[in-house]
There are 2 protein chains.
Amino acid sequence: MAVVIAIAGSEDHAKKLAAKLDAELISPEVRQFPDGELYVRIDHDLTGRDVILVGSLYPRPAEKFLAVAFLAATARDLGAKRVGLVAPYLAFMRQDVRFKAGEGVTSRYFAQLVSGTVDWMVTVDPHLHRHAALEGLYSIPTSIARSAPEIARWVAAEVERPMLIGPDAESAQWVSAVAAGCGAPFVILEKTRRGDRDVSISSPLVSQGHTLDGHTPVLIDDIVSTGKTMIEATRQLRAAGAAPPMCVAIHAVFADNVLDDLTSAGAAGIITCDTIVHASNRICVADPIAEAAKHHLR
Amino acid sequence: MAVVIAIAGSEDHAKKLAAKLDAELISPEVRQFPDGELYVRIDHDLTGRDVILVGSLYPRPAEKFLAVAFLAATARDLGAKRVGLVAPYLAFMRQDVRFKAGEGVTSRYFAQLVSGTVDWMVTVDPHLHRHAALEGLYSIPTSIARSAPEIARWVAAEVERPMLIGPDAESAQWVSAVAAGCGAPFVILEKTRRGDRDVSISSPLVSQGHTLDGHTPVLIDDIVSTGKTMIEATRQLRAAGAAPPMCVAIHAVFADNVLDDLTSAGAAGIITCDTIVHASNRICVADPIAEAAKHHLR
């Protein structure tokens, strides 16, 4: 019987995964010493067991990574046969190329660190943009759990006459998959990024005076961090006379003051998958995670 | 010519090391994205160069480690021949054994992570207690820079009739080395630890009514974190009628409210080596660091 261990913040996913895989859920002791160093303890004999660490690598990705590395090593010391990582949200996927001379390609470096730490990994819709697949980055077996079917189900149940909208080319992969799942039409806008918090969006729909024809716009993206992309897309749609868009994000990273800014820009609201715990979570991705994890157990 | 690159907080050591090794000092660009992920950039061609990263792994050891790992990988991508780490303060050395069943031996796990990241390492007086040497932990070549000669020089110059005192058995190695360097007498007290912030000290000197005979007590330890050990030792000495002790720490970790508590307990003051930047730094360890680093350059 496999053993599931939660990293702080992902207790809910760990519990669901243990139930779906018929695995044993155990709680590690993880705390900080007064100087900020981590203490980890797993008070169980793990001899010959398949161990699954469950933890989104956000917030504080560096600390979360070290907790994963220390718990994985502890599990091995306690006899674990194999240790896998289920990271509903995978950090460091966005710096996937050298934009300027001398930049570190951190998605590759982080993949090397994780690959040296666990035997396999499952994540939900990683930000694969310039990399086609995790295989090119990670040297361990990996699987991707897809949120699109769950998002499609939510859209079909909750939104009348949806028109799916991707705010930029990177979002096309998620938007088209959701569209395929719920049979809704979709359109992809064009984005120019000038800085971490500075983007502009141009919409062919809007420039053609198209107001979505009575459809409810549903903006879909994988990661909403500062939210500048969603906010700018919302503004463009509203300025063109479209109905308030419903925003859907897979990963609720939510840096800065995203929620207020989105409302001010004219969004109807924002809902998210539960890869990162947040009040906006409406779509549970436990099923695709369990399906993906299952293939790594022996 | 070697290249020296500072991790945030260790710019001063990097500058001194570059000067002493006649190396080139370059500044990396390291910043956080709004979501807390690290961005690193080294805008230099490093083809065939020996690169030395200089950074104490405190505070926020997990973030500091990731910065080291990312800068090391970036330097290699930019052609560096070998990448070494000079960590004046090395984190995760204190959990060096399994005190309770199931505990992670983080000193070993952290050593494995660092060994997978750089080609060699130099540190100042790591907390080697139950491990006899770094060789048993690190699989890369390592050297230890010793602060004792510098501390001995400071004590000889600044303290009249010093009596060196180690608050517990773990401190004996540092105290005896300083004593050897300045020809002062020394004594080691006995400590019982009941928790992260709860210790008791018993002093054979005090129980025998010995008030140090006009000597100035100089308490010496490697790490002062919560300071409970130093504070308790100070209290015992003062209660027995000794003069206010001068406290000397190699590494100014200083969690909690150490400085006020030490003064309240009756210490004359606390001074430290500059392995961690702090207002109490009085003893520069740049010379022994440069000596140790020199042997790793080719």
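Calculation rules
Residues numbered from 1 in each chain as written. Chains lettered and ligands numbered in written order. Predicted model: local features only at pLDDT ≥ 70, side-chain atom pairs only at ≥ 80, totals over all residues. Heavy atoms only, no water. Pairing = 2+ DSSP bridges. Helix = DSSP H or I, 4+ residues; strand = E, 2+ residues; numbered from the N terminus. Axes fitted to C-alpha atoms, helices over the stretch in contact; angles between N-to-C directions. Contact = heavy atoms within 4.5 Å. Buried area = accessible area lost by both parts, 1.4 Å probe. Salt bridge = Lys/Arg side-chain N within 4 Å of Asp/Glu carboxyl O. Buried < 20%, exposed > 50% of the residue type's maximum accessible area, 1.4 Å probe, protein only. Core = buried A, V, L, I, M, F, W, Y, C linked by side-chain atoms within 4.5 Å. Domains from an automatic or database assignment. Nonpolar A, V, L, I, M, F, W, Y, C, P; charged D, E, K, R; others polar. Arc of directions from axis to C-beta. Least-squares fit on C-alpha atoms with pLDDT ≥ 70 in both. Parallel < 35°, antiparallel > 145°, perpendicular 65-115°, else oblique. Left-handed = near helix turned anticlockwise from the far one by under 90°.

Points about the sheet that holds strand β9 (residues 162-166) of chain B
All names here are of chain B. In space, the 6 strands of this open sheet follow the order β10-β9-β13-β14-β15-β16, with parallel pairing throughout. Each edge of the open sheet is held by one strand with a lone partner, namely β10 (186-188) and β16 (281-283). Going from strand to strand, the sheet's axes swing by 35° on average, the running direction of each strand aside. By the bridge criterion, 3 bridges tie β9 to β10 in an arrangement that is parallel. Its bridge partner being in β10, Leu164 is matched across the sheet by Phe186. On top of the sheet, helix α7 (residues 228-239) reaches β9, β13 (216-223) and β14 (246-251); it is set at about 165° to β13, its chief contact.

Observations concerning the interface of chain A and chain B
Across the boundary between the two partners, chain A contributes 48 residues, which contact 48 residues of chain B. In this assembly, chain A packs against chain B so that about 3,800 Å² is buried in total across both faces, 58% of it on carbon and sulfur atoms. When the buried area of chain A at its contact with chain B is split by residue, Pro34(A), Asp35(A) and Glu37(A) rank highest and sum to 16% of it. Counting every contact that joins chain A to chain B gives 8 salt bridges.

A short note on the pattern of salt bridges
All told, the structure shown has 42 salt bridges over all chains when counted by the stated rule. For the salt bridge of Arg235(A) with Glu232(A), the shortest nitrogen-to-oxygen distance reads 3.1 Å. Within this pair, Arg235(A) and its partner Glu232(A) are both found in helix α7 (residues 228-239), separated by 3 residues, close to a single helical turn. According to the relative accessible area criterion, Glu232(A) is buried, its value standing at 16%. Each of Glu29(A), Arg31(A), Arg41(A), Asp43(A) and Asp196(B) takes part in salt bridges that share partners, so that together they form one network.

Comments concerning the environment of Met121(A)
Residue and element names in this part refer to chain A. For Met121, the position within the fold is in strand β7 (residues 120-124). A relative accessible area of 0% means that Met121 is categorised as buried. For the pair Met121 and Glu63, spaced 58 residues apart in the sequence, the C-alpha separation amounts to 18 Å.

Focus: the side chain of Gln95(B)
By the element assignment, Gln95(B) lies in the loop between β6 (82-87) and α3 (106-115). With a relative accessible area of 6%, Gln95(B) lands in the buried category.

A closer look at the nonpolar core
The biggest cluster of nonpolar side chains holds 88 residues, and the ones touching the most others in it are Tyr138(A) and Tyr138(B). Among all residues touching Tyr138(B), those that are not within four sequence positions of it are Leu90(B), Phe110(B), Ala111(B), Val114(B), Ser115(B) and Met121(B).

A short note on the environment of Val218(A)
Residues and elements named next belong to chain A. Turning to its location among the elements, Val218 is positioned in strand β13 (residues 216-223). Between the C-alpha atoms of Val218 and Pro245, which are 27 residues apart in sequence, the distance is 5.4 Å. For Val218, the residues in contact, after removing those within four places along its chain, are Val155, Val159, Pro162, Met163, Leu164, Ile165, Met246 and Val248.

Comments concerning the pairing of β13(A)
Residues and elements named next belong to chain A. Judged by how many residues are buried, β13 sits mostly within the fold: 7 of 8 residues are covered. Sheet topology note: the strand β9 (residues 162-166)/β13 ladder contains 4 bridges and is parallel. If you follow Pro162 over to β13, its bridge partner there is Thr216. Two elements, β13 and strand β14 (residues 246-251), share 5 bridges in a ladder whose sense is parallel.

A short note on the domain arrangement of chain A
Residue and element names in this part refer to chain A. Taken domain by domain, chain A comprises domain 1 (3-146 + 285-294) and domain 2 (148-274). Taken over C-alpha atoms, the centre of domain 1 sits 29 Å from the centre of domain 2. Listed as interface residues are 15 residues of domain 1 and, on the opposing side, 17 residues of domain 2. Here domain 1 is connected to domain 2 by 1 salt bridge. Salt-bridge contacts for Lys16 lead to Asp274; the nearest nitrogen and oxygen are separated by 3.8 Å. Of the residues belonging to the side of domain 1 that touches domain 2, the class tally is 8 nonpolar, 3 polar and 4 charged.

Section: helix α8 (residues 258-265) of chain A
Residues and elements named next belong to chain A. Among the residues of α8, Val258, Leu262 and Ala265 are the ones counted as buried. Seen end-on, α8 carries its buried residues on one side only, within an arc spanning 65°. In α8, the exposed positions that point more than 90 degrees away from the buried face belong to Thr263 and Ser264. Of the surrounding elements, those touching the buried residues of α8 are α7, β14 and β15 (269-273). Just downstream of α8 lies Gly266, where phi reads positive at about 110°.

So, helix α5 (residues 172-182) of chain A
All names here are of chain A. Among the residues of α5, Trp174, Val175, Val178 and Ala179 are the ones counted as buried. Taken down its axis, α5 places every buried residue within 130° of arc, on the same side. Facing away from the buried surface of α5 by more than 90 degrees, the exposed residues are Ala180 and Gly181. Looking at the packing, one finds that the buried side of α5 touches α4 (148-158), β9, β10 (186-188), β13 and β14. The positive-phi residue at the C-terminal boundary of α5 is Gly183, with phi of around 65°.

What to know about the relation of the copies chain A and chain B
The second copy of the chain is related to the first by a rotation about an axis and a shift along the axis. Note on the identical chains: chain A maps onto chain B by a rotation of 180° and an axial translation of 0.0 Å, with an RMSD of 0.0 Å. Within this description, the copies of the chain are treated as partners about a two-fold rotation axis. For chain A, the smallest separation between a C-alpha atom and the rotation axis is recorded for Ala62(A), amounting to 2.7 Å. An overlap of 100% is found between the interface residues of chain A and their copies at the interface of chain B, pointing to a shared contact surface.

Description of the packing of helix α1 (residues 11-21) of chain A against helix α9 (residues 286-294) of chain A
All names here are of chain A. In the contact formed by α1 and α9, the axes pass within 10 Å of each other and the chain directions differ by 55°. Accordingly, the angle class assigned to the pair α1 and α9 is oblique. For the pair α1 and α9, the sense of crossing is right-handed. Of the residues in α9, those touching α1 at His13, Lys16, Leu17, Lys20 and Leu21 are Ala286, Asp287, Ile289, Ala290, Ala293 and Lys294.

A word on the sheet that holds strand β16 (residues 281-283) of chain A
All names here are of chain A. The 6 strands are arranged β10-β9-β13-β14-β15-β16 in an open sheet whose pairing can be described as parallel. Edge positions in the open sheet fall to β10 and β16, since each of these has one partner strand only. Shown here is a sheet whose adjacent strand axes are inclined to one another by a mean of 35°, direction ignored. This element, α5, spans β9, β10, β13 and β14 of the sheet and lies at about 160° to β9.

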